[in-house]
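Take a look at the letters that make up each chain.
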Amino acid sequence: MNEGTLNLLVGLAMGLNLLALGSSRLPALIRTVAAQGVVLGVMPLLIEHETLDWRVAAVAMATIAGKGVVIPWLLRRAMRAANIEREIEPFVGYVPSLLLGAGGTIAAVGLARALPLLPEHSGSLLVPGAMASVLTGFLLLIGRVKAISQVCGYLILENGIYLFGLLLIHSTPLLVESGILLDVTVGVFVIGIIVDRIQRAFDSLDTRKLTTLRE
Amino acid sequence: MISLCLILVPLAGALLAAAWREDRTRPLWLPIFGVIHAGLAAALFLNPPAVAAESWFGFDPLARAVLPAVSLLFLVCSAYAVPYLRLRAERPNRVFVALLLTVLGLLSAGHQARHLGLLWVATEAVTLAAVPLLHFNGTPRAFEATWKYLLVGGTGIALSLLGSFCLGYASLHGGGRGDLTFAALTAQGAGLSRPWVLTAWVLLLVGYGTKMGLAPMHTWKPDAYGQAPGIVGALLAGGVTTVAFTAILRVRSVVGAAGEGPVADRTLLLLGLFSMGVAALFLLGTRDFKRMLAYSSVEHMGILGLGAALGGPGVAAALFHVWSNGLTKGALFLSAGNLHRAAGEPTMDAARGMARLTPRSAAIFVAGMFAITALPPFAPFFSELQVVRAGLAAGHGLAVAAFLGCLLLAFLGLTRVVFGVVDGRPRPANVHHARRFRETAAVIAPPLVLLGLSLALGLFTPAILRESWLAAVRQLFPTP
């Protein structure tokens, strides 16, 4: 019913992936991740069903609040405490990571064709969108050196998994959904605390300084 | 009902410990709840309850085969925690004690989870609850280790969620309802969509393999075990890895039901041998005895993976090895904790001659090292022998040869570090440090008990324990 709108939103999320790969300023990166969180939060409401299920609405509200507001706020606070604005000298430069991201997105669309999908999902962009986001997340995790950028990468990775989870939204029970959402939110809280401690212990959020432990 | 208590009682204990006002007496809650948990686990072990096929939680045969080992390990570690936290009176222990109990409750939940989604929630929650335990020491190096643990572990666990969704989609695509209980997935069996099952297997193996510490996803392990207190290392190596291993076993059973068992076994075999090889090579190079224990843990996770790849007898051997490795590794971690306290630094370069400064801990450490490298009457010898037998019976002669080669290399690496630390004349800094550490019965008895349990398990493996492992195998490989 709303497949066109849903695909539009997935496409938007994929565009935000590329924006995240290309942005060197941390506030812009955090804004991108927050926007992607809101886009993802709206999606459950669009997936076809006769009447709006209150549980689906609850998941949507919690996602928007968590991914769109709370987590970005935490990240922004950590960023201000660390007094850093931009990512200097990433391992993988912006143009190469953009190219990799774009190539990965195309590959994701191709790969999703190869996997067998249910007829009602065959026209949907959810599977390629999920794979492209997971890939983008990995690129950010590997290619950036600032802890906050890596956390953003982790969030985009999680967003990809969330996109895939939407395929199953009617078969997974609410208890599991909320457990997953809770875990993810607590996870980011914990990461935020560790980021703060690293900042205090090393006086920097440059993960290249975390090299004492090695063989 | 009792099986739910295994989860809820430690969690209630965690709340109680968090609300408790006095730092000095708070650690006492650990052994109290450890005893209750072990009592409940023993009662369930002796009188296993009937578990409804469609239930989400339950003390099923697989949980029965391994959860008591975790409970036993926690009990002994909790007894060690009391004198340990007294030694570390300068650090507040509210969070530490509460989270240790939380970890116990969540481990019980993870072992008993019969629903893929709940299993994931429990594993992720254990991962997060362990974070403050890792940086208990509060040093920059501890935060570095925690960061790597979070990033690598978080990514791994995220991939296992993706894998869980893929398995759900395999069920939907095959005409099922997307029900994520293991019973429903196994029942659908060949009706699951094969490409999605294989995708799910790869993702789940990588995800839970990261949590288990199989190479090449093991990179967080040496850092985390090297920086965490010994008791946390013991619980991670003997408890958290076990949850991930049972998760892999449960998923393997579904993949087998879908008709892709041989593929799953091949990947497990390769990953297991690769872990053993990587661990053996790193064991030859490391100079830090706590990192050494981490690599040894990677090696033993490899043995578990190898055992799991060898069909029914191999899985039974692997479950045996879960017990023998958990108990022996516990003795090693606790005695290594003593040596670390006494020497000040956990490396061969900084610590020497510990046999003179802390003779009892050093003796347990050496004995534990021989036990874990499979010296006969200790349990690891017998469980590894069973893995070898299962391997030969399944016709994997080459894999068995590689397995034995890795064990030999690991033995060389372990003896090199252990005797480097224990032998020789102590350094002045060690002598100075060791004056502040007394080898009281409270810090010697727990590792000694674990070593004794490992010996007893090897000498006379109780028939009921063997029977529980075989029951778990029957659950995982139902004969049609």
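The structure presented is a predicted model; accordingly, all values stated were derived computationally and were not measured.

What counts, and where the lines are drawn
- Residues numbered from 1 in each chain as written.
- Chains lettered and ligands numbered in written order.
- Predicted model: local features only at pLDDT ≥ 70, side-chain atom pairs only at ≥ 80, totals over all residues.
- Helix = DSSP H or I, 4+ residues; strand = E, 2+ residues; numbered from the N terminus.
- Rg over C-alpha atoms; globule rule 2.2 N^0.38 Å.
- Contact = placed C-beta atoms within 7 Å.
- Buried ≥ 20, exposed ≤ 12 C-beta atoms within 10 Å, placed from the backbone.
- Expected span 1.5 Å × (residues − 1).
- Nonpolar A, V, L, I, M, F, W, Y, C, P; charged D, E, K, R; others polar.
- Axes fitted to C-alpha atoms, helices over the stretch in contact; angles between N-to-C directions.
- Parallel < 35°, antiparallel > 145°, perpendicular 65-115°, else oblique.
- Left-handed = near helix turned anticlockwise from the far one by under 90°.
- pLDDT = per-residue confidence, 0-100.

K.L.:
Talk me through the overall build of chain B; I want residue IDs and the actual numbers.
P.N.:
Each helix and strand counted, chain B has 21 helices and 0 strands in total. For a compact globule of 480 residues, the expected C-alpha radius of gyration is about 23 Å, and chain B comes in at 21 Å, within 12% of that figure. Oriented by its inertia axes, the alpha-carbon framework of chain B measures out at about 70 × 55 × 40 Å. Partitioning the intrachain contacts of chain B with sequence separation of at least 6 by distance along the chain shows that 81% fall at a separation of at least 24.

K.L.:
Could you give an account of the overall build of chain A, with specific residues and numbers?
P.N.:
Helix and strand counts for chain A come out as 7 helices and 0 strands. When the helices and strands of chain A are listed from N to C terminus, the series reads α-α-α-α-α-α-α. Its C-alpha atoms put chain A at 55 × 35 × 35 Å along the principal axes. Within chain A, the fraction of its 215 residues that count as buried is 45%.

K.L.:
Requested: an account of helix α20 (residues 441-459) of chain B, with residues and values cited.
P.N.:
An α-helix turns once per 3.6 residues; consequently, residues spaced three or four apart project the same way. Residue and element names in this part refer to chain B. The first and last C-alpha atoms of α20 sit 25 Å apart over 19 residues, in line with the 27 Å expected at 1.5 Å per residue. For α20, the complete set of buried residues consists of Val443, Ile444, Pro446, Pro447, Leu448, Leu450, Leu451, Leu453, Ser454, Leu457 and Gly458. Each element contacted by the buried residues of α20 is listed here: α3 (61-87), α14 (311-343), α16 (359-372) and α17 (379-393).

K.L.:
Before we move on, could you go through the interface of chain B and chain A and cite the residues and values that matter?
P.N.:
Between chain B and chain A, the contact holds 37 residues from the first and 33 residues from the second. Sort the elements by how many residues they give to the side of chain B that touches chain A and helix α7 (residues 140-173) of chain B lands first, with 19 residues. Of the residues contributing to the side of chain B that touches chain A, the split by class is 20 nonpolar, 11 polar and 6 charged.

K.L.:
Give me helix α10 (residues 220-227) of chain B: which residues, what numbers.
P.N.:
Burial of α10 of chain B is extensive: 8 of the 8 residues sit out of reach of the surface. Those residues of α10 of chain B hidden inside the fold are in contact with α6 (131-134), α7, α11 (230-257) and α13 (289-308) of chain B.

K.L.:
Quick one: what's the story with the packing of α17 of chain B against helix α18 (residues 397-422) of chain B, residue by residue and with numbers?
P.N.:
Between two packed helices, what matters for the description is the angle formed by their axes and the separation of those axes. All names here are of chain B. At their nearest, the axes of α17 and α18 sit 8 Å apart, and the two run at 155 degrees to each other. Between α17 and α18, the angle falls in the class roughly antiparallel. Considering how the two elements wind past one another, α17 and α18 form a crossing that is left-handed. Mapping the contact onto sequence places Val388, Gly391 and Leu392 in α17 and Gly397, Ala399, Val400 and Phe403 in α18. Among the residues making up the contact of α17 with α18, the classes are represented as 5 nonpolar, 2 polar and no charged.

K.L.:
Talk me through the packing of α11 of chain B against α14 of chain B; I want residue IDs and the actual numbers.
P.N.:
Residues and elements named next belong to chain B. Their axes nearest at 7 Å, the elements α11 and α14 cross at an angle of 165 degrees. Here α14 runs roughly antiparallel to α11, going by the angle between their axes. You can see that α11 and α14 cross each other, and the crossing is right-handed. Packed against α11, whose contacting residues are Gly230, Ile231, Gly233, Ala234, Ala237, Gly238, Thr242, Phe245 and Leu249, the element α14 presents Val315, Val322, Gly326, Lys329, Gly330, Phe333, Leu334, Ala336, Gly337 and His340 at the interface. Looking at the contact of α11 with α14 residue by residue, the classes come out as 10 nonpolar, 8 polar and 1 charged.

K.L.:
Report on the confidence of the model for chain A, specifying residues and quantitative values.
P.N.:
Considering every residue of chain A, the mean pLDDT works out to 83; 95% of them sit at 70 or more. Mean pLDDT across the elements of chain A bottoms out in helix α7 (residues 174-202) of chain A (74) and peaks in helix α5 (residues 126-143) of chain A (91).

K.L.:
Give me the lowdown on unusual backbone geometry, citing residues and values where you can.
P.N.:
All names here are of chain B. The residue after alanine 215, namely proline 216, is reached through a cis peptide bond having omega 0 degrees. By secondary structure assignment, the location of proline 216 is in the loop between α9 (194-212) and α10. Although it is not a glycine, alanine 374 adopts a positive phi angle of roughly 70 degrees. Its location among the elements puts alanine 374 in the loop between α16 and α17.

K.L.:
Please give an account of the environment of glycine 391 of chain B that cites residues and values.
P.N.:
Residue and element names in this part refer to chain B. Its place among the elements puts glycine 391 in helix α17. Assessed through the 26 C-beta atoms surrounding it within 10 Å, glycine 391 is described here as buried. If we skip the residues at most four places from it in the chain, glycine 391 touches Leu310, His396, Ala399, Val400 and Phe403.

K.L.:
So what's going on with the environment of serine 108 of chain B? Which residues, and what values?
P.N.:
Residue and element names in this part refer to chain B. You can see serine 108 is positioned in helix α4 (residues 94-112). Sequence separation between serine 108 and glycine 191 is 83 residues; the distance between their C-alpha atoms is 31 Å. Filtering out sequence-adjacent residues up to four positions away, serine 108 remains in contact with Leu6, Ile7, Pro10 and Leu67.

K.L.:
So what's going on with the environment of aspartate 179 of chain B? Which residues, and what values?
P.N.:
By secondary structure assignment, the location of aspartate 179 of chain B is in the loop between α7 and α8 (182-188). Of the residues examined, aspartate 179 of chain B has 20 C-beta atoms within 10 Å and is grouped as buried. Taking the C-alpha atoms as reference, aspartate 179 of chain B lies 9.7 Å from leucine 167 of chain B; in sequence the two are 12 residues apart. When sequence neighbours within four positions are dropped, the list of residues in contact with aspartate 179 of chain B reads Ser171 of chain A together with Ser171 and Ala184 of chain B.

K.L.:
With reference to specific residues and values, describe the confidence of the model for chain B.
P.N.:
The predicted coordinates of low-pLDDT regions are not to be read in fine detail. Per-chain confidence: chain B averages 92 in pLDDT, with 100% of residues scoring 70 or above. The ipTM assigned to the predicted complex is 0.90, against a pTM of 0.93.

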